[in-house]
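Spelled out from the first residue to the last, the chains are:
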Amino acid sequence: MQPKLNRLLRALAREGLELTYDGRLYSVRLLDDANAPPAEVLLPPDLPVEGKAFRQLANLAALKHPGGGQVLRVRATPDFHPGDSGVAIGSVLHTRGLVVPGAIGTDINCGMRLHVADLSVDTFLAKRDAFVERMKGHYFFGTRDVAMSSRASEALLRDGIPGWLLETLEQPLGCTGRSDLKQLDAEVDRIHLGGGLRGNPSWAPDTFTREGVVRDAGLATVGGGNHFVEVQRVEAVEDRARAWQWGVREGQLAFMVHSGSRDVGKHVGVAWQERARKAWPVGQPFPDSGILPLGDERLVAEYLEAEATAANYAFLNRLLLAELLRQTLRELFGEVEAPLVYDVPHNLTLPYEGGWLARKGACPAGAEQPVIIPGSMGATSFLMVGCGDAKSLESASHGAGRARSRFSMSRGGADHSEEALGLTGVDCISLRAERRVEEAPAAYKPIRPVVDSQVEAGIVREVARLSPLLTFKA
């Protein structure tokens, strides 16, 4: 590792970056900005690192706005890797007096949702084919019936899951007519932030506020990239008391949903990146990084309201993805309760110590809070509990992190054999062959050192491990 690290240090120094490593924690900053705080990355020595990601992190730490405000701290999780928008995935940004829309991007409130079911794996696999065909219809072919009244739609965008539920209890439409709405209501406490932020329907596309029945093509869809729905087995329980409290038992069936705000998040994110550009003080040069913070209090408040609107949509998107799966289990196996363990967001800006904390591809890890860290579709996933570690900005990784880009995986000449991709024995359901290649286990870092490094740092503790049975990729 040492020769490779030395080469990286020399290469980054030539690019104007100062990088140090103590065997556990990297520290990086721009050489020409001594006033910027160093950005820190928790990373075991045996995991791959990329210079591009370090530059993105250093640029984030050096952000300034001509009107004032400051970046207080920047931290990155061990699944840290370059982001397409100029902000590294795994970045956690603590600011005061400014907010950075680009530090969240367009996939607002991308997050994870985990359910367990008292159904044996053998019983489930006996009807695997029937289950897959029904779910392919729901997720890929549009057989799902997702509808709501315009009142429920506006309540969702304004108040999140609680507002949507209040209106839906009055007038259930589509698939919610087959839902156990009392169960959904009881599960709100297991959604981070109660599944609702203070939004405003005016920030969403106008299709959501028209009179009559609202049918949005994006709701209950998985999305591209690393998003997925996976059926799993609870492989092992490490913290039995906590697992019992959360309703998790060894041998249970489980299912995990990873998706976000889809087109609503894109609508909000793109609009606000443009607004940040237009609001930049006339005559002041744009940052070389292209990342534009907001400093005006009115604009900050409006952006956070718009972000909350998209976040509310994402909470419902994950709920409905899970609900379609839960309903299918009930159709095939009878009364299966399949309760929610937790739903946690990754990409959000939230109040923190008198300022703001923006996570991009990082999971909140407050004290005693459930933390969900998925592996690749061929690897174990982890249910953890947060330790509220201030040094890490109370944040954990949201997965293993990419080790190879999608282009690298799909380029001509690459070894696309099942063995080389790590897909041997992996049950991946997708309509696109290239998706299996781009998202193959070989594209990702090994999950165990990512998790272990965070346990050793006092960020999280292990509760249970879950092994994959089958994975849906759009």
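Above this text is the structure in question.
Rules used throughout
Residues numbered from 1 in each chain as written. Predicted model: local features only at pLDDT ≥ 70, side-chain atom pairs only at ≥ 80, totals over all residues. Heavy atoms only, no water. Buried < 20%, exposed > 50% of the residue type's maximum accessible area, 1.4 Å probe, protein only. Helix = DSSP H or I, 4+ residues; strand = E, 2+ residues; numbered from the N terminus. Contact = heavy atoms within 4.5 Å. Core = buried A, V, L, I, M, F, W, Y, C linked by side-chain atoms within 4.5 Å. Disulfide = S-S within 2.5 Å. Phe/Tyr/Trp six-rings, centres within 6.5 Å; stacked < 30°, edge-to-face > 60°. Lys NZ or Arg CZ within 6 Å of the ring centre and 35° of its normal. Pairing = 2+ DSSP bridges. Axes fitted to C-alpha atoms, helices over the stretch in contact; angles between N-to-C directions. Salt bridge = Lys/Arg side-chain N within 4 Å of Asp/Glu carboxyl O. Patch = residues over 30% accessible without salt bridge, like charges linked within 9 Å, V, L, I, M, F, W, Y side chains within 5 Å. Areas by Shrake-Rupley, 256 points an atom, 1.4 Å probe, with all protein chains shown as cover. Lys, Arg positive; Asp, Glu negative; His and termini not counted. Charge placed at Lys NZ, Arg CZ, Asp CG, Glu CD. Polar contact = N/O pair within 3.5 Å; in protein donor to acceptor, adjacent residues only side chain to side chain.

Participant: So what's going on with helix α14 (residues 447-456)? Which residues, and what values?
Facilitator: Of all the residues in α14, the buried ones are I447, P449, V450, V451, S453 and Q454. Among the structural elements, β3 (39-42), β4 (70-81), β15 (370-373), β16 (381-386), β17 (395-397) and β19 (460-472) are those in contact with the buried residues of α14. Phi for G458, located one or two positions after α14, is positive at around 75°.

Participant: Give me the lowdown on the nonpolar core, citing residues and values where you can.
Facilitator: One finds F131, Y139 and F472 to be the most contacted residues of the largest nonpolar core, which totals 106 residues. V234, Y342, I372 and V463 belong to the second-largest nonpolar core, a separate cluster that totals 35 residues.

Participant: Please provide a residue-by-residue account of the environment of E331, values included.
Facilitator: Relative to the helices and strands, E331 resides in helix α10 (residues 297-333). Classification of E331 as partly exposed rests on a relative accessible area of 43%. C-alpha separation for the pair E331 and P374, spaced 43 residues apart in sequence, amounts to 27 Å.

Participant: Outline the state of the cysteines, supporting the account with residue identities and numerical values.
Facilitator: As used in these notes, a disulfide is a covalent bond between sulfur atoms, one from each of two cysteines. Taken as a whole and assessed by the stated rule, the structure comprises zero disulfides. Unpaired in terms of disulfides, C387 finds its nearest cysteine sulfur in C363, a separation of 12 Å.

Participant: Pulling in residues and values, what's your account of the packing of aromatic side chains?
Facilitator: Summed over all chains, the structure comprises 12 aromatic pairs. Geometrically, the ring pair formed by W203 and W272 is tilted, given 5.6 Å between the ring centres and 55° between the ring planes. On the criterion of sequence distance, the pair formed by W203 in the loop between α7 (181-186) and β8 (213-214) and W272 in helix α9 (residues 262-279) is long-range, its members being 69 residues apart. On the basis of relative accessibility, which here comes to 1%, the residue W272 falls in the buried class. The structure contains a cluster of three or more aromatic residues connected by ring pairs, namely F124, F131, Y139, F140, F333 and F472. Sitting above the plane of the W244 ring, R249 keeps its charged end 3.7 Å from the centroid. A cation over a ring is seen here: R402 above Y444, with NZ or CZ 5.1 Å from the ring centre.

Participant: Provide a residue-level description of the sheet that holds strand β13 (residues 355-360), including the pertinent values.
Facilitator: Spatial ordering of the open sheet is given by β1-β2-β3-β4-β5-β13-β12, a layout of seven strands whose pairing is mixed. Looking at which strands have only one partner, the edges of the open sheet turn out to be β1 (17-21) and β12 (348-352). Averaged over neighbouring strand pairs, the angle between their axes works out to 20° when direction is ignored. Bridge count for β4 against strand β5 (residues 89-96) is seven bridges, and the pairing is antiparallel.

Participant: Tell me what's going on with the pattern of salt bridges, and back it up with residues and numbers.
Facilitator: This model, assessed by the stated rule, comprises 34 salt bridges. Of the charged contacts in the structure, one is a salt bridge between R318 and D343, with a shortest N-O distance of 2.9 Å. In this pair, R318 sits in helix α10 while D343 sits in strand β11 (residues 340-345), placing the two residues 25 residues apart along the sequence. Here R318 matches D343 in class, with each residue buried. A salt bridge links E368 to R461; its shortest N-O distance comes to 3.8 Å. Note that E368 is positioned in the loop between β14 (362-364) and β15 and R461 in strand β19, a separation of 93 residues in sequence. What makes E368 partly exposed here is its relative accessible area of 45%.

Participant: Give me a positive patch on the surface: which residues, what numbers.
Facilitator: Among the surface-exposed residues, K4, R7, R10 and R14 lie close enough to one another that they form a single positively charged patch. Checked against the element boundaries, R10 lands in helix α1 (residues 2-14).

Participant: Residue-level account of the side chain of H94, with values.
Facilitator: By the secondary structure assignment, H94 is in strand β5. Looking at H94, the relative accessible area reads 5%, which means it is buried. In this structure the side chain of H94 is engaged in a polar contact, spanning 3.2 Å, whose partner is the backbone oxygen of Y352. When residues no more than four places from it in sequence are discounted, the contact partners of H94 are V71, L72, R73, Y352, E353, W356, L357 and L393.

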